Amino acid sequence: MENSEKKLQNDTYIVGMGCVTSNSRNIKELTLALRDGIRNFGYIHNTSFIGAEISLDGLKESLETYYTMLPNSITKKIKGCIHRATKEMLATIISVVEAYIEAQIVRKKMLGERIGIIIAGSNLTYKNKEEYIRKCMNTPEYLSPQYALNLFDTSYMSVISEIFDFNGEGIVVGGASASGNSAIIKAFQLIQLGAVDICFVIAPPSGMSSMEIQSFYNIGALGGKKYNSNPLKACRPFDTNHEGFILGEAAACIVLESKKSIYKRKIASSKQVLGGAIFLDGNRLSNPSLSGEMRAMEIAMANSGVNAKDISYINAHGTSSPLGDEIEAEAIKNVFRENLGHVWVNSTKGILGHCMNSAGVIEAIATIVQMDYKFIHMN
């Protein structure tokens, strides 16, 4: 392969995006919510904890608005899959449908064998499992046989593969709060390797049960104690009154494609992914590492062929956790040094909450819409 052809293959672009969040049902609504600082924090269903949940109300109707833009074969399979779908599965399908349409795969057909799927997250079905356990304790003989299939995180991958006939490589990437970031990087690497031409990075909502939420509270990670009477003010990234993260829910999808494939399909995209970096801290606990965060940013820039002077905006992890925010702020200060005055920093979690495994994908989308529409959202 000649150098020019190799470069054409390795350039990677974002050609489609979709989302469902606590304050939006699509990218257009998310853009307006970010621009206007529209938040939807309240109390998580059946708990006393503050969070930003996706509402089930109207989700099926939101999905139906896309049916006329899809082939009948896909619409028929969607209807079959959502008959008994959970809220999390329904929101995930909507985000993928929106991204699928924007990527113009309907109009500019692709071989399914060249389209891959990466699911961001692990242990995504705890909430569903909790509901089944309650039923099973009373009448175990009536446990749905579907439970055995829906138990695994791969159920999301299987449903999307069946609906859209994607038959390329498929994997689930778990990295706790960095699952979304890791999934984007792994999709980028698959395209760089030439294993697929297009890769759907799909981040379902975390689907946490009451036990997981309580466990985060017990280790002091959850915030909101001071703001019981005013949930909208509970999530405060980089603020002196931050107390811990506030749970959020989001389903998000980003479609990556090689430049060579884009050229063949005769579509356009200006959103290029240059590179990234993933590192371990050699630590089983959740406390942040200053050197690890600095190293990740420095190597990500090196892998992308840019330096600190080229960066004008950072979408921070910014969880609203006192130690986490402090270490991250110090890491940014140390990496960007004399260029700090030219860098805007905010945290999308201040508007959407901490969306856990889907945080990296929804925050990548938030970064892109701010670039597209030339604004910086409130922190």
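For the structure given in this document, a descriptive report is provided here. (Residues numbered from 1 in each chain as written. Predicted model: local features only at pLDDT ≥ 70, side-chain atom pairs only at ≥ 80, totals over all residues. Heavy atoms only, no water.)

Paired through their backbone hydrogen bonds, the strands of a sheet run either parallel or antiparallel. Taken together, the three strands give an open sheet; going across it, the order is E2-E3-E7, and neighbouring strands pair in mixed fashion. Here the strands that pair on one side only, and so sit at the sheet edges, are strand E2 (42-43) and strand E7 (247-248). Note that E2 and strand E3 (residues 50-52) share two bridges and pair antiparallel. Bridge assignment links tyrosine 43 to a residue of E3, and that residue is isoleucine 50. (Pairing = 2+ DSSP bridges. Helix = DSSP H or I, 4+ residues; strand = E, 2+ residues; numbered from the N terminus.)

Tracing the backbone shows arginine 25 in the loop between strand E1 (12-21) and helix H2 (27-36). Glutamate 29 provides the closest opposite charge to the buried, salt-bridge-free arginine 25, at an N-O distance of 5.9 Å. Here the side chain of arginine 25 touches serine 55 through a polar contact of 2.9 Å, landing on its backbone oxygen. A polar atom in the side chain of arginine 25 sits 2.9 Å from the backbone oxygen of aspartate 57. (Buried < 20%, exposed > 50% of the residue type's maximum accessible area, 1.4 Å probe, protein only. Lys, Arg positive; Asp, Glu negative; His and termini not counted. Salt bridge = Lys/Arg side-chain N within 4 Å of Asp/Glu carboxyl O. Polar contact = N/O pair within 3.5 Å; in protein donor to acceptor, adjacent residues only side chain to side chain.)

With that settled, the discussion passes to the nonpolar core. In terms of nonpolar packing, the biggest core is built from 42 residues, with Leu63, Ile78, Ile93, Phe164 and Phe200 touching the most fellow members. Every element with two or more residues in this core is listed here: E1, helix H3 (59-64), helix H4 (72-81), helix H5 (87-102), strand E4 (115-120), helix H8 (154-164), strand E6 (198-203) and strand E8 (250-258). Here the element with the most residues in this core is H5; it accounts for nine residues. Dropping the residues within four chain positions of it, phenylalanine 200 is found in contact with Val96, Tyr100, Ile105, Ile115, Gly116, Ile117, Ile118, Phe166, Cys253, Ile254 and Val255. (Core = buried A, V, L, I, M, F, W, Y, C linked by side-chain atoms within 4.5 Å. Contact = heavy atoms within 4.5 Å.)

So, to be careful, I would describe these as geometric facts and stop short of saying anything about function.
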